[in-house]
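Reading the structure
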Amino acid sequence: MSSELEGKFFQRLYLNFVENKEDEVILTHFGELSEDLINNLSERLEQILIVKKCSPQMIKRMFGIVLNGLTNICHYFEEYKSLDNMGHIIVKDNGQRYCVSIGNVIDKAYKPKLIEHIDNLNRMERSQIRDLYSRNLWGKNDSPKKNIFVGFNSIAVLSKSKINYGVSSFKENSNNFYLFSSFELEDEEF
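Below is a summary of the structure that appears in this document. Per-chain numbering applies: the sequence of each chain, read as written, is numbered from 1 onward. Local features are withheld for residues below a pLDDT of 70 in this predicted model, meaning they are given only at 70 or higher, and side-chain atom pairs are given and counted only at 80 or more; totals for whole chains, interfaces and linings count all residues. Hydrogens and water molecules were not included; the side-chain quantities draw on all heavy atoms of the structure.

**Here's the deal with the environment of Ile118**
The secondary structure listing takes helices from DSSP runs of H or I that are at least 4 residues long and strands from runs of E that are at least 2 residues long, numbered from the N terminus. Mapped onto the elements, Ile118 comes out in helix α4 (residues 111-123). Sequence separation between Ile118 and Ile163 is 45 residues; the distance between their C-alpha atoms is 6.9 Å. When sequence neighbours within four positions are dropped, the list of residues in contact with Ile118 reads Phe152, Ile163, Tyr165 and Phe177. The contact rule is simple, with two residues in contact once any of their heavy atoms fall within 4.5 Å.

**Structural notes on the pattern of salt bridges**
Should a side-chain nitrogen of Lys or Arg be within 4 Å of a carboxyl oxygen of Asp or Glu, the pair is scored as a salt bridge. Under the defined criterion, the tally for this structure stands at three salt bridges. In this structure, the salt-bridge partner of Asp23 is Lys92, at a minimum N-O distance of 3.0 Å. Note that Asp23 is positioned in the loop between α1 (3-17) and β1 (24-32) and Lys92 in strand β2 (residues 86-93), a separation of 69 residues in sequence. The buried category is assigned to Asp23, whose relative accessible area is 11%. Under the scheme applied here, a residue whose accessible area is under 20% of the maximum for its type counts as buried, over 50% as exposed, and between as partly exposed, the area being computed with a 1.4 Å probe on protein chains only. Residue classification places Lys92 among the buried positions, given a relative accessible area of 8%. One connected set of salt bridges, linked through shared partners, spans Glu24, Lys52 and Asp93.

Below, the structure written as C-alpha cells:
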C-alpha cells in the first residue's frame, strides 16, 4: 500500500472518530511508532491536560490509557515483525467526555484472539476486571502476549467503560485493529 493510500486510510479513521465539529482534538499521531515516540506522545498529552487544568486523577487515567494502548502496539510489533509498524492515536475532548482511539496493523490470524479478549472484558463487571488486572499484573508470565492483554485490562479499568473496537482491511494479510474508549470529564473516582 502506498503512503498516499495509507494517509487516506488513516484520514478516514480520523473523520469517523471526530464526527462533531465542536470536538476538540488534543492529540493525534498517524504512522510508525517507537518507544521514544510513545514517551513523547504520553508526555505531550500530560502537558496538554495540565494546561487544561485537569485533576491529577484525570491526568493519571488518561496517561495510563494512552501509555498502555501505545505500549500494546509496540509489544505486538515485537512479536509480529513481518508487519508494517503503523499505528494511530487520537484523543478528543467534546466538553463532557474525553475519547481515545488507538489502533495498529495486525496479522489477520491474530484478530479472533483480540476480539475474544475484549469481548470477555466487556462482559465483566468492573470488580471482575480489576481482579483480572491485578492477577495478571502480578503473575509470573512476562511474555509479550500476556502484556498485550494486561494493557487492554488496564484500559478497561482506567476508562471504566466498555472498550469499543473495529477491524478493517489494510493489506492482503493484515487488518487495522482500533479501539476507542471514553469517560466523563467530571468523574474523579478510580
